[in-house]
Amino acid sequence: MIASFVVLAVFGMSGSPYNRVGPGPAIEVGRPEGGSWSVLTARVQRSNWFQYAKAELTGERTIRADGGGSGGDKGPPRSDDAMSTSQTHAVLVAAQLAAGRAPVAAAGLQVTAVTGPAAASGLHPGDVLLAAGESDDLTPLRAPSDLEAVTVRGTAVRVLVVPYTSGGTWGTAEIRRMPAGRLAGVQAGPAVSATAYPLGSVEGPSAGLILALARVDALTPGDLTGGRRVAGTGGISLDGDVTAVGDIPEKVHAAAKARMDVFFVPIWQRSVAAAAAKGTGVRVVPVRTVSEAVGWLCAAGGRAPLC
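None of the values given here were measured: they were computed from a predicted structure.

Asker: I'd like a rundown of the overall build of the protein, residues and numbers included.
Answerer: When you go through the protein residue by residue, the secondary structure sums to 8 helices and 15 strands. For the protein, the residues scored as buried account for 49% of the 307 residues in total. Long-range contacts, defined as pairs at least 24 residues apart, comprise 69% of the intrachain contacts of the protein with a sequence gap of at least 6. As presented, the protein carries roughly 13,800 Å² of accessible surface, and 54% of it is formed by carbon and sulfur atoms.

Written as structure tokens, this is what we have:
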């Protein structure tokens with residue numbers, strides 16, 4: 001009997017091939033005047049067989065350990081760069097929306113060096129060149145050859161720039177008009193990297209929507225939150241579309257635990273979010289684009305030039 005108990009205890013304490021998935025912390029980003037912006041996470045934890053059995057009994061979700069987590073999770077390390085991509089997209093989309101422009105569906109070129117005639121261009125290493133042309137009809141920049149093609153066609157070039165600031169972040173997008181010759185010494189490549197807000201060990205693409213909204217708010221006067229505690233989940237593309245992510249129920253529960261007022265969710269996942277939010281007091285707002293989220297906040301009392 002004792003031997004059986006010992007064997008059972010040893011087996012129960014041994015590692016299982018499953019992770020437990022539950023609500024993670026709500027991480028505040030930005031410094032709005034009234035409310036707050038929070039990235040919601042799901043927490044992925046290793047489990048032994050006892051913990052796995054408890055999770056099955058209580059309804060806690062489990063996944064096979066080799067299946068990995070999903071966007072916005074805090075858990076075992078992963079090798080992808082989804083968070084880095086999400087941060088970059090958030091910076092570039094927000095910079096353009098804050099300037100009243102529709103986002104260009106390209107990451108652009110990041111300036112690495114400015115030499116020769118380009119010294120008078122006003123460009124600096126770290127700036128992102130999104131599009132260029134001779135008129136208001138700008139061509140997205142996806143490779144150095146795109147910029148070269150624009151400069152050889154005319155004497156004056158208009159460039160859509162997201163400027164790198166001394167504070168280690170990026171400002172509002174702006175169009176700069178300059179002689180084509182001044183771009184001759186600009187060295188820029190397509191490996192664009194920008195950070196909206198450092199999030200430590202958080203991984204995956206799902207912080208993109210909130211990072212972009214917080215950045216728009218930071219780049220414009222007023223308070224886009226309208227005094228609300230705003231949270232959400234969703235990846236974003238370079239044209240500002242909101243993309244689906246994982247662990248929606250766990251993130252809704254995280255929002256309820258943190259007493260959030262609003263939870264933005266990709267419109268494609270509104271049903272599962274609404275079901276998880278029943279009885280919690282969290283208002284689920286499904287959106288297709290970052291602009292749509294901005295519009296909802298403006299209609300709900302947000303105060304910003306975009307409203």
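Moving on, there is more to tell.
Asker: Which residues make up the side chain of glutamine 96, and what are the values?
Answerer: Position of glutamine 96 relative to the elements: it lies in helix α3 (residues 82-98). Here glutamine 96 is in contact with Arg101, Ala102, Pro103, Val104, Leu130, Leu160 and Ala173, once residues within four sequence places are set aside.

Asker: Just give me the short version of the confidence of the model for the protein, but keep the residues and values in it.
Answerer: Predicted confidence across the protein gives a mean pLDDT of 84, with 81% of residues reaching 70 or more. Contacts of residues 3-14 to residues separated by more than four positions or lying in other chains number 10 contacts, the stretch itself having pLDDT below 50. Counting interchain partners and residues more than four positions distant, the pLDDT-below-50 stretch residues 67-79 has 43 contacts.

Asker: So what's going on with the state of the cysteines? Residues and values would help.
Answerer: Tallied over the entire structure, the rule returns 1 disulfide. Covalently, cysteine 298 is tied to cysteine 307 through a disulfide, its sulfur atoms 2.0 Å apart. Across the disulfide from cysteine 298 to cysteine 307, rotation about the S-S bond amounts to roughly -75°, and the bridge is consequently left-handed. The exposure class of cysteine 298 is buried, given its relative accessible area of 17%.

Asker: How would you explain helix α8 (residues 290-299) if you had to name every residue and give the values?
Answerer: Along α8, the residues classified as buried are Val290, Ala293, Val294, Trp296, Leu297 and Cys298. Of the residues trailing α8, glycine 301 is marked for its positive phi of about 110°.

Asker: Summarise the environment of tryptophan 170; cite the residues concerned and give the values.
Answerer: With respect to the helices and strands, the residue tryptophan 170 is situated in the loop between β8 (156-162) and β9 (174-179). Take tryptophan 170: its relative accessible area is 6%, and that puts it in the buried class. Sequence spacing of tryptophan 170 and arginine 215 is 45 residues, and the spatial spacing of their C-alpha atoms is 9.4 Å. Looking at tryptophan 170, its side chain comes within polar contact range of the main-chain oxygen of glycine 126, at 2.9 Å.

Rules behind the numbers
- Residues numbered from 1 in each chain as written.
- Predicted model: local features only at pLDDT ≥ 70, side-chain atom pairs only at ≥ 80, totals over all residues.
- Heavy atoms only, no water.
- Helix = DSSP H or I, 4+ residues; strand = E, 2+ residues; numbered from the N terminus.
- Buried < 20%, exposed > 50% of the residue type's maximum accessible area, 1.4 Å probe, protein only.
- Contact = heavy atoms within 4.5 Å.
- Areas by Shrake-Rupley, 256 points an atom, 1.4 Å probe, with all protein chains shown as cover.
- pLDDT = per-residue confidence, 0-100.
- Disulfide = S-S within 2.5 Å.
- Polar contact = N/O pair within 3.5 Å; in protein donor to acceptor, adjacent residues only side chain to side chain.

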